[in-house]
Each structure stands twice: as C-alpha cells, then as structure tokens.
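Summary of the model geometry
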Amino acid sequence: MKVSAFSKTYGKRTVLSLPELELSEGMITAVIGPNGSGKSTFARILAGIEYADDRKPVIADINVGYLPQKSFPFRMSTEKNILQNGNDPARAKELMKALGIDDLAKQSAKKLSGGETARMALCRILMRRYDLLILDEPTTAMDMESTLAAEKLIRETCGGQGCAVLLITHSISQARRISDRVLVMNRGELAEQGDSGTVLNDPKQEQTRRFLDFYGL
Amino acid sequence: MGSSVRKAIELILSADPELLNILSTTARVCLTSSILALIIGVPVGILFGAERFPGRKILLVLNRTLIGMPPVVCGLLFYMLFSGVGPFRHLKLLFTVKLMIIAQVVLITPIIIGVMETFVADTAPALRETARGLGFGRIKEYRLLVNECLYSIFSAYLLSFARAIAEVGAVAMVGGAIAWKTNVMTTAIMMYTNRGSFTLGIALGLILLTLSLIVNIVLSLMQGRLSR
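Numbers given to residues run from 1 along each chain, matching the order in which its sequence is written. Chain letters start at A and ligand numbers start at 1, both assigned in the order the entries are written. It should be noted that, the model being predicted, local features are given only for residues of pLDDT at least 70 and side-chain atom pairs only at 80 or more, the latter also being counted only at that level, while totals for whole chains, interfaces and linings use all residues. Note that the side-chain values use all heavy atoms of the structure and ignore hydrogens as well as water.

1. Topic: the overall build of chain B
Regarding its fold elements, chain B presents ten helices and zero strands. Only runs of H or I of at least four residues qualify as helices and only runs of E of at least two qualify as strands under DSSP, and these elements are numbered from the N terminus. Along chain B, helices (α) and strands (β) appear in the sequence α-α-α-α-α-α-α-α-α-α when read from the amino end. Structurally, chain B occupies a C-alpha span of about 65 × 45 × 25 Å along its principal axes. For chain B, with 228 residues in total, the buried portion stands at 46%. Any pair of residues with heavy atoms lying within 4.5 Å of one another is described as a contacting pair. Pairs at least 24 residues apart make up 75% of the contacts formed inside chain B by residues separated by at least 6 positions. Partly exposed residues are those whose accessible area sits between 20% and 50% of the maximum for their type, while under 20% is buried and over 50% is exposed, using a 1.4 Å probe and protein chains only.

2. Some details on the overall build of chain A
The helix and strand tally for chain A stands at eight helices and ten strands. With the C-alpha coordinates of chain A rotated into their principal frame, the extents come out at 50 × 40 × 30 Å. Residue burial in chain A is summarised as follows: out of 217 residues, 53% are buried. Within chain A, contacts between residues at least 6 apart in sequence are counted, and of these 67% link residues at least 24 apart. On chain A, roughly 10000 Å² of surface is accessible, and the fraction owed to carbon and sulfur atoms is 47%. Here the positive residues are Lys and Arg and the negative ones are Asp and Glu; neither His nor the chain ends is included. A charge is said to be at NZ when it belongs to Lys, at CZ for Arg, at CG for Asp and at CD for Glu. Both charge centroids of chain A, one from 30 positive and one from 27 negative side chains, sit 6 Å from each other. For the accessible areas, the method is Shrake-Rupley and the probe is 1.4 Å, while residue cover comes only from the protein chains on display.

3. Concerning the pattern of salt bridges
We count a salt bridge whenever a side-chain nitrogen from Lys or Arg sits within 4 Å of a carboxyl oxygen from Asp or Glu. Evaluated as defined, the whole model comprises 20 salt bridges over all chains. Lys 152 of chain A serves as the salt-bridge partner of Glu 156 of chain A, at 3.4 Å between the closest nitrogen and oxygen. Of this pair, Glu 156 of chain A and Lys 152 of chain A are both found in helix α5 (residues 144-161), four residues apart, which corresponds to roughly one turn of the helix. For Lys 152 of chain A, a relative accessible area of 55% corresponds to the exposed category. Where Arg 210 of chain A meets Glu 206 of chain A, a salt bridge forms, and the shortest distance between an N and an O atom there is 3.9 Å. Here Glu 206 of chain A and Arg 210 of chain A lie together in helix α8 (residues 206-214), a separation of four residues that amounts to about one turn. Taking the relative accessible area as the measure of exposure, Arg 210 of chain A reaches 54% and is therefore exposed. The network of salt bridges with shared partners includes Glu 51, Arg 128, Arg 132, Arg 138 and Glu 141 of chain B.

4. A look at the nonpolar core
If you look at the biggest cluster of nonpolar residues, it comprises 93 residues, and the most contacted ones within it are Phe 74, Ile 82, Leu 122, Ile 125, Leu 135 and Val 165 of chain A together with Met 116 of chain B. At 16 residues, the largest contribution of residues to this core is made by helix α5 (residues 97-134) of chain B. Among the buried residues, those of types Ala, Val, Leu, Ile, Met, Phe, Trp, Tyr and Cys that are joined through side-chain atoms within 4.5 Å form a nonpolar core. One finds Ala 47, Ile 134, Ala 164 and Leu 166 of chain A within the second-largest nonpolar core, a separate group that totals 27 residues.

5. Considering the side chain of Asn 81 of chain A
Residues and elements named next belong to chain A. In this structure, Asn 81 sits in helix α2 (residues 78-83). Here the side chain of Asn 81 touches Phe 74 through a polar contact of 2.9 Å, landing on its backbone nitrogen. In contact with Asn 81, other than residues within four places in its own chain, are Phe 72, Pro 73, Phe 74, Met 76, Ala 109, Met 120 and Arg 124. Polar contact is defined as a pair of N or O atoms within 3.5 Å, subject to the rule that within protein one atom must be able to donate a hydrogen and the other to accept it, and that residues adjacent in sequence are counted only when both atoms are side-chain atoms.

6. Focus: the packing of helix α2 (residues 17-50) of chain B against helix α9 (residues 185-194) of chain B
Residues and elements named next belong to chain B. Two elements in contact, α2 and α9, have axes separated by 9 Å at closest approach and are oriented at 140 degrees. With respect to their mutual orientation, α2 and α9 come out oblique. Along the contact surface, α2 presents Glu 18, Ile 22, Leu 23 and Thr 26, while α9 presents Met 185, Ala 188 and Tyr 192. When grouped by side-chain class, the residues that make up the contact of α2 with α9 number five nonpolar, one polar and one charged. Axis definition: a line fit to C-alpha positions, over the contact stretch in the case of helices; interaxial angles, taken between N-to-C directions, run 0 to 180 degrees. Just so you know how the angles are binned, under 35 degrees is roughly parallel, over 145 roughly antiparallel, 65 to 115 roughly perpendicular, and the rest oblique. Under the scheme applied here, ten amino acids are nonpolar (Ala, Val, Leu, Ile, Met, Phe, Trp, Tyr, Cys and Pro), four are charged (Asp, Glu, Lys and Arg), and all others, including Gly, are polar.

7. Considering the packing of aromatic side chains
Residue and element names in this part refer to chain B. Here a Phe, Tyr or Trp ring, Trp counted by its six-membered ring, pairs with any other such ring whose centre lies within 6.5 Å, and the pair is stacked when the planes are under 30 degrees apart, edge-to-face when over 60, and tilted otherwise. Under the definition given, this model contains eight aromatic pairs over all chains. Ring geometry for Phe 48 and Phe 53: centres 6.0 Å apart, planes at 50 degrees, overall tilted. Relative accessible area serves as the criterion here: at 27%, Phe 53 is assigned to the partly exposed category. Centroid distance Phe 78 to Phe 82: 6.1 Å. Interplanar angle 10 degrees. Geometry classified as stacked. Remark: Phe 82 and Phe 78 occur in helix α4 (residues 71-82); sequence separation between them is four residues, near one turn of the helix. Residue Phe 82 is classed as buried on the basis of its relative accessible area of 9%.

8. Considerations on the interface of chain A and chain B
Facing 22 residues of chain A, the contacting portion of chain B comprises 20 residues. For the pair chain A and chain B, the summed buried area comes to about 1700 Å², and 53% of that belongs to carbon and sulfur atoms. For chain A, the biggest contributors to the area lost against chain B are Phe 72, Phe 74 and Arg 75 of chain A; these three give 42% of the whole. Our count for the chain A to chain B interface comes out at two salt bridges. For the pair chain A and chain B, the number of links is ten residue pairs in polar contact (both at pLDDT 80 or more). Listed by contribution, the elements that provide at least two residues to the side of chain A that touches chain B are β6 (64-67) and α4 (114-125) of chain A. Sorting elements by how many residues they give to the side of chain A that touches chain B places β6 of chain A first, with three residues. By residue class, the composition of the side of chain A that touches chain B is ten nonpolar, five polar and seven charged. A simple way to read buried area is as the amount of 1.4 Å-probe accessible surface that goes missing from two parts once joined, with both sides added.

Here is the structure:
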C-alpha cells in the first residue's frame, strides 16, 4: 500500500515533509528517530486523526487501526473495554492471557496501572483485523517480560492476519527484534529506509549512524 | 431559640398543612426546573466541550456570565417581561409556579452547561483519538463520551438542584410568595421571619439544611461508584 508524499506545517514551521512511501502487507515497519523527529505526527496523519497540509488522505481508502501513545481506558471493566472492538469473548480471553492481564478482566480499566493499561489497549486494538495497524510506542510503559509478549503477539497478528504494521518506537533493540523494515526519521524528514538488518547494522546516512551510536548500537 | 427549634420540630412531625403545601410547591418548582435544565444543559455542555465551531468561545464567555448572574436580576428581567406592561403580559404567567420554573431554568441551565463543558473539554480529545483509532463511528464515540460523563451529569444535576432549592431572589420576584400558591421554602422563611413568626421559618430552615446534607451524602456515595 502506498502512502502519498505529504507535508505538515504548524504556523510557519514545517514539522514533517515526507516522500512517497510503501508499506507491505504481512510486514512490520518500524519508525525510529529522536524526540521531535515527527514520528507521532506521521502516525496521526496516516491514521486520519490529523490532516496533512493539503487536507487530502495520504493513504487509499483502507481499514486503518491506530493505537495512540496514551490510549484511553473507557469507564468500564478491562474485558468490556476489549470487547468494545469486537464481540468475541474467546479472542478477548486469549489476548488477555497472552499479555498476562486475564486476572484483571473484571477490574475497572480506570484502576489499571500504566503498564496494565498499555496491555489492555494492545489487546483492544488486536481484537479486529485492520489492513494497516499503526502502533505508537505500544510497549513504552511495559516491563521487559510484557514487552516481549506484546512483540510476539504483534508479530503473530501481523503474520496471521496479513496486515501491514507500522510500529513507532524509541527502542532500537525492539526495531531489531521484530521489524522487517525500518524508516529512520530526523527533524521531520525521512533520513533513511530499508531492510531492518541493513539499516540498523550498516546505515548509509551519517545522521542515522549518529542516532544509532547515540543509542548504543 | 431552644423553644423555637423544639416547636419547629413538632411542626414538622405534626405534618402541618401549610408546611406540607410549601414543601410540595418547592418540590414541584425545583424538581421540574432542575430536570428541564438537565435536559437542555447536558447536550449543550457536551457539544461545547467536544466540538470546535465558530463563536464557541463567545458562547462560553456568555455562559460563564450567566452562571454569575444574580437571581434578583433574573427575577427583575422576567418581572418586566411578564408584568402588566411587559411584552408577554397576555400569557398571564406572573405570580405563577410556571414562571418560577422558567426563571429557575434560566438560572441553573448555565451551571449544568459549565460543569459539562469543563469535564468534556478535558476528556474528549483523548477519548476521541482512541475511539477514532479503533475505527469507531461518531455515534459510538458519543455513547462512550456520555458514559465517561455519568458522574459529571449526576454532580451537575445535584449542584443545579441545590442552587434551585436555595434560590430566593428570582422566585420571590416572579412568584410573589403567595401563601398556598407560590410560596416556596426560601420565600416562606423570609416572609415568616419578617412577621416575627420564627417557628415555621426555623422548621423550613432545618428541612433545607437536611436536604443539603442528603444531597452531599448522595454525591459522596455516588462519586466512588460512578467514577469507576
């Protein structure tokens, strides 16, 4: 699926200017880059939450799912939150078990901790099949064990449902673990893109190398 | 003082007909006006909080001004509109319970709008981003938003009911505090105190305080349950 070239300007400041991109079904594309590089704005525009400057959709009319950085827990139980996105209690149970929150099913989602809310939100978005699934730092609030379980679940969903996944992440090691392709962003522009192995092990651009060095790789 | 309080309690326990009439008129005016204000104020407040449209900020400033409007000014306005020289004199509503209800609706609806707008403006952006990200439609998005607002709706209602039941200026002006017709608790307290008849005034004061206490207890109990 093609993402058209677009730009995003706030006032007189252009915060994002990207060329045409391609996302593939059944593949996980990680978007990495320093703070303020425009990763989340990119995700929000792709999801249709924000408009690009020309106010046109940047992607063809497909079914897009988007998990924001801080997903909102609705005022109901954890299980009911998850069932809001598809009335399949067996699937909900399976997802909750995979992420270790099955014992919190009946608890109010408002009383979950940050990590538990992140796991609930991931379960909720994975209830339905999307052509493109955009996940904005889904594991930031999780501990390592939950992060690995979440990555496994994302990988299985992507492979099993054949959807394209766009994963916004700060973690280079996470990008290395689960992504097939990597987009490196810097100051609102695409610095580099390619297979994750190539980009993360042998970056072509100096700014990518500096970014990866800074993160200890 | 002590004997007046004792007599007031005896009056309440003896179900004095005049006291019962005042209580039923008060209940009619306050319940009707607060429910009407709720029906108008909740959707408008949610709309003001959740949507951005031209003129919204002006409307919010106007609403905040109305929240602070002195009840006597509201009463004066309605008195002028419905009195013998006013444009609506043919409706013959002055000194009726109906006009007391209308005046109170005008007084308390801005409170409900204000409470709802403040809560929704804070909650809606995050909820909306999540709901749209999941691919929910507008109806489901609003249904979830209303579900988030239950406690605010409840507290806005109790706040408006408390204002309605404690209000004296507007209802005195448009109702005229006519015994057995438009006399409510607050106007009756004023009337009987002016006459030097403290017993009924104290009895009504005790009932008002008890109602205020009940409202606060209910609010505290519901707070935990509805915010879950």
